[in-house]
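Report on the structure
The lines below spell out each chain.
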Amino acid sequence: MTEFLQQLINGLALGAIYALIALGYTMVYGVLRFINFAHGDVFMLGAFAGYFLSPLVNRVLPAQSYAGGIIVLVLAMAICAALGMLIEILAYRPLRNRPKLTVLITAIGVSLFIEYTCQHRAVFGAAPRNFPDLIPANNWHLGGVVLSSNQVIVFVTTLLLLAALRFIVQRTKVGTAMRAVAFNEQAAALMGVNINSIISFTFGLGSALAAAGGILFAMNYASIDPLMGVQTGLKAFVAAVFGGIGNLPGAALGGVIMGVVETFAGGIPGLSNYRDGIAFAILIGVLIFRPAGLLGKVQTEKV
Amino acid sequence: MNSGAKRWLLAAIAVAVLISAFSAHFNRYYLGIAIDVGINIILAVSLNLINGHTGQFSLGHAGFMAVGGYSAAKLTLTLQSLVPPWAQPLLFIAALLVGGAMAAVAGLAVGVPTLRLRGDYLAIVTLGFGEIIRVIFQTSETFGAATGLTGIPRWTSFGWAWSGAALCVFVITSLVNSTYGRGFLAVHDDEVAAGASGINPVRYKVTAFVIGAFFAGIAGGIYAHHKSFLSPTGFDFMKSIDIVVMVILGGMGRTVGVIIAAVLLTVLPEFLRGFADYRMILYSLLIVILMLARPQGLFTFGNTNRNAKA
Amino acid sequence: MNIPLKSFLWSTVAVSLVLLSSPGCNKPSGGGDGAGGEPIKVGQFASLTGKEATFGISSDEGTILAIEEINAAGGVLGRQLKLLTEDTQSKAGEPATVVNKLIARDGVVAILGEVASSRSLEAAPICQQSKVPMVSPSSTNPKVTQVGDYIFRVCYTDKFQGDVIANFVSKSLKAKKAAIFTDVKSDYSKGLAKYIKDKFLTNGGTIVAELDFNGGDKDFKAQLTAIKAANPDAVFVPGYYTDAALICVQAKQLGLTAPFVGGDGWESEKLTEIGKDAVENQYFSTHYHPDVGSELSKKFVENYKKRWNGKTPDALAACGYDSVLVLADAIKRAGSTDGQKIRDALAATKDLQAVTGKITIDENRDANKAAVILQVKDGKYKYLETVEP
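Here the structure is a predicted model, which means the values were calculated and not measured.

**Some words on the overall build of chain B**
- In terms of helices and strands, chain B carries 12 helices and two strands.
- Starting at the N terminus and ending at the C terminus, chain B contains elements arranged as α-α-α-α-α-β-α-α-α-α-β-α-α-α.
- A buried classification covers 63% of the 310 residues belonging to chain B.
- Pairs at least 24 apart in sequence give 81% of the contacts found in chain B among residues at least 6 apart.
- When the accessible surface of chain B is split by element, carbon and sulfur atoms take 68% of a total near 10,900 Å².

**Observations regarding the side chain of Gln250(C)**
- Examined against the element boundaries, Gln250(C) turns out to sit in helix H9 (residues 241–254).
- Of the polar contacts made by the side chain of Gln250(C), one reaches the backbone oxygen of Lys218(C); its length is 2.7 Å.
- Apart from the residues within four sequence positions on either side, Gln250(C) is in contact with Tyr221(A), Lys218(C), Asp219(C), Phe220(C), Lys221(C) and Leu224(C).

**Concerning the sheet that holds strand E6 (residues 177–183) of chain C**
Residue and element names in this part refer to chain C.
- Across the sheet, which stays open at both edges, the seven strands sit in the order E7-E6-E8-E9-E10-E13-E14 with mixed pairing between neighbours. Each edge of the open sheet is held by one strand with a lone partner, namely strand E7 (206–213) and strand E14 (380–387). Taking each pair of neighbouring strands and ignoring which way they run, the sheet shows an average axis angle of 25°.
- Where strand E8 (residues 234–236) meets strand E9 (residues 260–262), two bridges bridge the pair, whose relative direction is parallel. Bridge pairing links phenylalanine 236 to valine 261 in E9.
- Across the sheet, H9 lies against E6, E7 and E9, angled at about 175° from E9, the strand it touches most.

**Things to note about the interface of chain C and chain A**
- Each side of the interface is counted separately: chain C has 34 residues, and chain A has 37 residues.
- Between chain C and chain A, the buried area comes to about 2,900 Å², and carbon and sulfur atoms account for 51% of it.
- Our count for the chain C to chain A interface comes out at one salt bridge.
- Counting across the interface, chain C meets chain A through eight residue pairs in polar contact (both at pLDDT 80 or more).
- At the level of secondary structure, the elements contributing two or more residues to the side of chain C that touches chain A comprise helix H2 (53–72), E7, helix H8 (221–230), H9 and helix H10 (269–275) of chain C.
- In terms of residue count, the dominant contributor to the side of chain C that touches chain A is H8(C) (seven residues).
- Split into classes, the residues belonging to the side of chain C that touches chain A amount to 11 nonpolar, 11 polar and 12 charged.

**A few points about a nonpolar patch on the surface**
- Together, Ile79(A), Leu83(A), Leu86(A) and Leu90(A) make up an exposed nonpolar region whose accessible area comes to about 340 Å².
- Assignment of secondary structure puts Ile79(A) in helix H3 (residues 66–92).

**With respect to H9(C)**
Residue and element names in this part refer to chain C.
- Taking 1.5 Å of rise per residue, 14 residues should cover 20 Å, and H9 covers 20 Å from first to last C-alpha, within 8% of that figure.
- Across the 14 residues that make up H9, a large majority, 13, are buried.
- The positive-phi residue at the C-terminal boundary of H9 is glycine 255, with phi of around 85°.

**Observations concerning empty space enclosed by the protein**
Residues and elements named next belong to chain C.
- On inspection of all chains with the given rule, the structure shows 10 cavities of 30 Å³ or more.
- By volume, the second largest cavity amounts to about 110 Å³.
- Taken together, 14 residues line the second largest cavity, and the ones lying closest to its centre are Tyr188, Tyr240, Asp264, Gly265 and Leu316.
- Residues of the lining of the second largest cavity, tallied by class, amount to six nonpolar, five polar and three charged.

**Considerations on the side chain of Asp36(B)**
- Looking at the secondary structure, you find Asp36(B) in helix H2 (residues 28–53).
- Other than its neighbours up to four places away in sequence, Asp36(B) contacts His226(B), Lys227(B), Thr266(B) and Thr97(C).

**Observations concerning the interface of chain C and chain B**
- On the side of chain B, 51 residues touch chain C, which itself brings 50 residues to the contact.
- Carbon and sulfur atoms make up 64% of the surface buried where chain C meets chain B, a total of about 4,600 Å² over both sides.
- Linking chain C with chain B are two salt bridges, by the criterion used here.
- Here Glu141(B) ties to Lys190(C) by a salt bridge, and the two come within 3.1 Å at their closest N and O atoms.
- The tally of links from chain C across to chain B stands at five residue pairs in polar contact (both at pLDDT 80 or more).
- Of all the secondary-structure elements, those providing two or more residues to the side of chain C that touches chain B are helix H1 (3–21), strand E2 (81–87), helix H3 (94–105), helix H4 (117–130) and helix H7 (187–202) of chain C.
- At 13 residues, H1(C) tops the list of elements feeding residues into the side of chain C that touches chain B.
- Residue composition of the side of chain C that touches chain B, grouped by class: 19 nonpolar, 18 polar and 13 charged.

**Some thoughts on the environment of Glu269(C)**
Residue and element names in this part refer to chain C.
- Note on placement: glutamate 269 falls in helix H10.
- You can call glutamate 269 partly exposed: its relative accessible area is 30%.
- Between the C-alpha atoms of glutamate 269 and lysine 190, which are 79 residues apart in sequence, the distance is 24 Å.
- In contact with glutamate 269, other than residues within four places in its own chain, are Lys311, Thr312 and Tyr381.

**Digging into the packing of aromatic side chains**
- One pass over the structure, following the stated rule, counts 38 aromatic pairs over all chains.
- Considering the side-chain rings of Tyr25(A) and Phe237(A), the 5.3 Å spacing of their centres and the 35° angle between planes classify their relative orientation as tilted. With Tyr25(A) in helix H1 (residues 2–32) and Phe237(A) in helix H9 (residues 228–244), this pair connects stretches of sequence that are 212 residues apart.
- For Tyr25(A), a relative accessible area of 4% gives the class buried.
- Geometry around Tyr195(C) places Lys194(C) over its ring, the cationic atom sitting 4.8 Å from the centre.

**Overview of the pattern of salt bridges**
- In the structure shown here, the tally under the stated rule is 23 salt bridges over all chains.
- The partner of Asp225(A) in a salt bridge is Lys218(C), with the nearest N and O atoms 2.7 Å apart. Placement of Asp225(A) in the loop between strand E4 (223–224) and H9 and of Lys218(C) in the loop between E7 and H8 is noted, with the two residues assigned to different chains.
- For Asp225(A), a relative accessible area of 14% translates into the label buried.
- Owing to a relative accessible area of 8%, Lys218(C) belongs among the buried residues under this scheme.
- When the shortest N-O distance is used, the salt bridge between Asp198(C) and Lys194(C) registers 3.7 Å. Residue Asp198(C) and its partner Lys194(C) are located together in helix H7, separated by four residues, close to a single helical turn.

**Examining the pairing of E7(C)**
Residue and element names in this part refer to chain C.
- Bridging between E6 and E7 involves seven bridges; their strand directions are parallel. Bridge assignment links threonine 182 to a residue of E7, and that residue is aspartate 212.
- Taken together, E6, H7 and E7 constitute a β-α-β crossover, and its handedness is right-handed.

**Topic: the pairing of strand E10 (residues 283–286) of chain C**
Residues and elements named next belong to chain C.
- Of the two faces of E10, the one carrying Tyr283 and Ser285 and the one carrying Phe284 and Thr286 are both buried.
- By the bridge criterion, two bridges tie E9 to E10 in an arrangement that is parallel. What sits directly across from valine 261, in E10, is tyrosine 283.
- In this view, the connection linking E9 to its parallel neighbour E10 by way of H10 has right-handed handedness.

**Here's the deal with the nonpolar core**
- Formed by 201 residues in total, the largest nonpolar core has its most connected members in Tyr92(A), Phe131(A), Ile41(B), Leu59(B), Trp162(B), Leu230(B) and Phe8(C).
- No other element matches the 15 residues that helix H8 (residues 195–220) of chain A contributes to this core.
- Setting aside chain neighbours within four positions, we find Ile41(B) in contact with Trp162(B), Ala165(B), Val169(B), Ile259(B), Ala262(B), Val263(B) and Phe8(C).
- Core analysis: the next-biggest nonpolar cluster, separate from the first, contains 59 residues, Val169(C), Ile196(C), Val249(C) and Val279(C) among them.

**Brief notes about the packing of H1(A) against H9(A)**
Residue and element names in this part refer to chain A.
- Interhelical geometry of H1 versus H9 gives an angle of 65° and a closest axis separation of 8 Å. Here H9 runs roughly perpendicular to H1, going by the angle between their axes. Considering only the axes of H1 and H9, their crossing is right-handed. Contacts from Tyr18, Ile21, Ala22, Tyr25 and Thr26 of H1 reach H9 at Thr232, Gly233, Lys235, Ala236, Phe237, Ala239, Ala240 and Gly244.
- Among the residues making up the contact of H1 with H9, the classes are represented as eight nonpolar, four polar and one charged.

What counts, and where the lines are drawn
Residues numbered from 1 in each chain as written. Chains lettered and ligands numbered in written order. Predicted model: local features only at pLDDT ≥ 70, side-chain atom pairs only at ≥ 80, totals over all residues. Heavy atoms only, no water. Helix = DSSP H or I, 4+ residues; strand = E, 2+ residues; numbered from the N terminus. Buried < 20%, exposed > 50% of the residue type's maximum accessible area, 1.4 Å probe, protein only. Contact = heavy atoms within 4.5 Å. Areas by Shrake-Rupley, 256 points an atom, 1.4 Å probe, with all protein chains shown as cover. Polar contact = N/O pair within 3.5 Å; in protein donor to acceptor, adjacent residues only side chain to side chain. Pairing = 2+ DSSP bridges. Axes fitted to C-alpha atoms, helices over the stretch in contact; angles between N-to-C directions. Buried area = accessible area lost by both parts, 1.4 Å probe. Salt bridge = Lys/Arg side-chain N within 4 Å of Asp/Glu carboxyl O. Nonpolar A, V, L, I, M, F, W, Y, C, P; charged D, E, K, R; others polar. Patch = residues over 30% accessible without salt bridge, like charges linked within 9 Å, V, L, I, M, F, W, Y side chains within 5 Å. Expected span 1.5 Å × (residues − 1). 1 Å grid on protein atoms, 1.4 Å probe; cavity = no way out; pocket = protein on both sides within 12 Å on 5 of 7 lines; lining within 4 Å. Points joined across faces, edges and corners; volume = space filled by probe spheres on them. Phe/Tyr/Trp six-rings, centres within 6.5 Å; stacked < 30°, edge-to-face > 60°. Lys NZ or Arg CZ within 6 Å of the ring centre and 35° of its normal. Right-handed = clockwise from strand over helix to strand, strands pointing away. Core = buried A, V, L, I, M, F, W, Y, C linked by side-chain atoms within 4.5 Å. Parallel < 35°, antiparallel > 145°, perpendicular 65-115°, else oblique. Left-handed = near helix turned anticlockwise from the far one by under 90°.

Laid out in structure tokens, this is it:
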């Protein structure tokens, strides 16, 4: 029983991070109808931003303090938001009216570009680095189960961010505009919504969430390297599709389910080497029965 | 069926075999690249059938290549000692066909469940299948697992690779240009309308996958007997992306463009070797710039409108 | 008129013309007997980008250092060594192409590479067929040198290291029950795991849990939880430091206190940098340690730090360095750059003082070397024992 609970905790912590990244994917898809392959790399950049910011912040604030941690998180989110918007303006905006495939390939190109550039000796180099402890870490033993303070931080931060996101999307003007653009771009434009700013904002928001995911991930798994976004990004992406792409709660749910299932599969001897494959198998299974994903709406095609 | 086409096919094969006879005189490095080009042509043209002509978005083509390659290699490794030297080409052909057939089965397995999926969902699922296939080969001891299969006899020559490519181009273009083949383009243009006109989109989609996978499998077999070594990491998502980029750059659906793109994208990295450090950075930048500057593909000249022409 | 086929035919002709015009040399030309002053071309293929870049770069840095030092001391046979390196991008399929290029187009006299056994296995048949000697710095899969008599390695094989590790755990740690945690993506890890398991079972131990992970993964809690539940006396992790460090950290978080034991893939300053106190008291086997190392190895560490911005060399860098030492020594003894003569000289290497120990090439063309067992103490490696072959 303790093993089950332990795996559950592990899975939820991992899933929360997938959820944060998946939200970014799904928001961009909802607004632009395309999958931003470079999103996983923004996650990586967020972690690296934290890596470089931490010593700077520590010059002002004492090391390993909550205040310091929060500042690093917020700064990293801001930096990545800006980066995300930059990528959008440079690489995706010119292709706004082109077929989706073109933008997809461009996104793949951008993703590869970021990865290989960061691997270069002059930038980050390919070797993994140790992510500093932003906050003092504790491990609590409850019964046979171990809960780490970093995992608790993941839960708390994710919930807070989800709540904030929900607030923005449902209660603010910007959020309403986002939903309008996602629903019908032309009508929204006719209603006076500035499509370009909304799309930029969406990218910025999604990237900020990815950066948060990156920092939380690095806090729990302290080794960062330029390719860390590839597998994690892919799984989060699968989670977003699995939950119904374009659907925010779906992305969150998809992320959590993905994390939990992957963790449980990983703990079973004999299945652990199929861990990556399991994620996809689940995806395919779900999509066969629910082609629009768990919470997605089937788009009826108007002929 | 165009009998003119058959003549071109035979001419192409003849030229390939003739060149091949002089293989020993060529620089091995360049010869290797030329064979790689031939293999990539098969991969790109076969994916073009699925992505370009039929409009399905498949991101797992490397998986079919893996199935074909591993099956062919396993057959050869098991039977090669039982076969006298004069029969080796026959064994090779048999192995390639078996590889193609296994890949076609995989194509069926992928095509059927994905019938109801559109666009991005289809892309993910095909990506998923590609990954699952890779993971299976990575774990299966019969196929060498992480170490891969070594010692595959080096039977691929320029002649084999380019004859295979010629055959693939011939079959697929003939297919698409035939009356039956118009169905692929109809499904690409408007699936609902096609269905309403009496064309069964399901049948065409699955057929596209099966035929595309078959040739990818053949390409995999030729590849296996060229590098003499197969490793699961060589068939990952990145490989699928490489092939997709060839199809996109060539202009989806334009076979000529796709062939030229395949040649270019195989040869270009070799030229960039001088900039070893920056090679991949340049390659990815090139992809972005090409998409920004000329997204309809580099090699689409004249009308890009629906002429239902291969 | 069938346009695609026509264009295809023209492509065929075009490609053939290019081929016909290519220099037809299939033999190494970078040798020439005693063409005084002309540099000796040595080829290297390594993963400088991609998933395993961190290992390829380490090996490359050690190799470059050795070449520079030898050249500064006057070169070999009075000629400078010229290193031509090609990146395999950690991808399968690339080694064949680049090795072909190095041999057929660049005309190198010998090939150095690779770290990963799978990529060495891909290139070896080509070197063997072209009669160009190949020296692998750190591929440990026994199959590599079995490809042919032109293929050598300067490190020990997985079988030897597996025995060393298993014996240590059975006898020195007196563990009866063990768990094995293997990197299923790495043939190094799988090979080593297999030999460890075989020896451990022969020693009378039992394996209570066998789990896998994918190299590059960051989250191991799922598998570690299962391992903890099986309650082993020791845990084998025959993988690379990139994963080992995190594994130890997460194991500690989960309260798994059994000692962890690894192989030479653990050796790197990153292990203690990322693992910190979680790797304290863990064990691993490797090639050498400064305490029992020679003057040469001490100097190597110093010079490496100077050359590469204060970085401490890891096992892969040391092996890369040694591959050059062995090759240069062989060329010197052969007195020429003829492939056959270099090969024979390589096979006759005996007691060559190298960074990772005294190297003697045995009849399988593997390096007959001792291994050392180290323990992490106070963030440094403490030497425990040497195991002779």
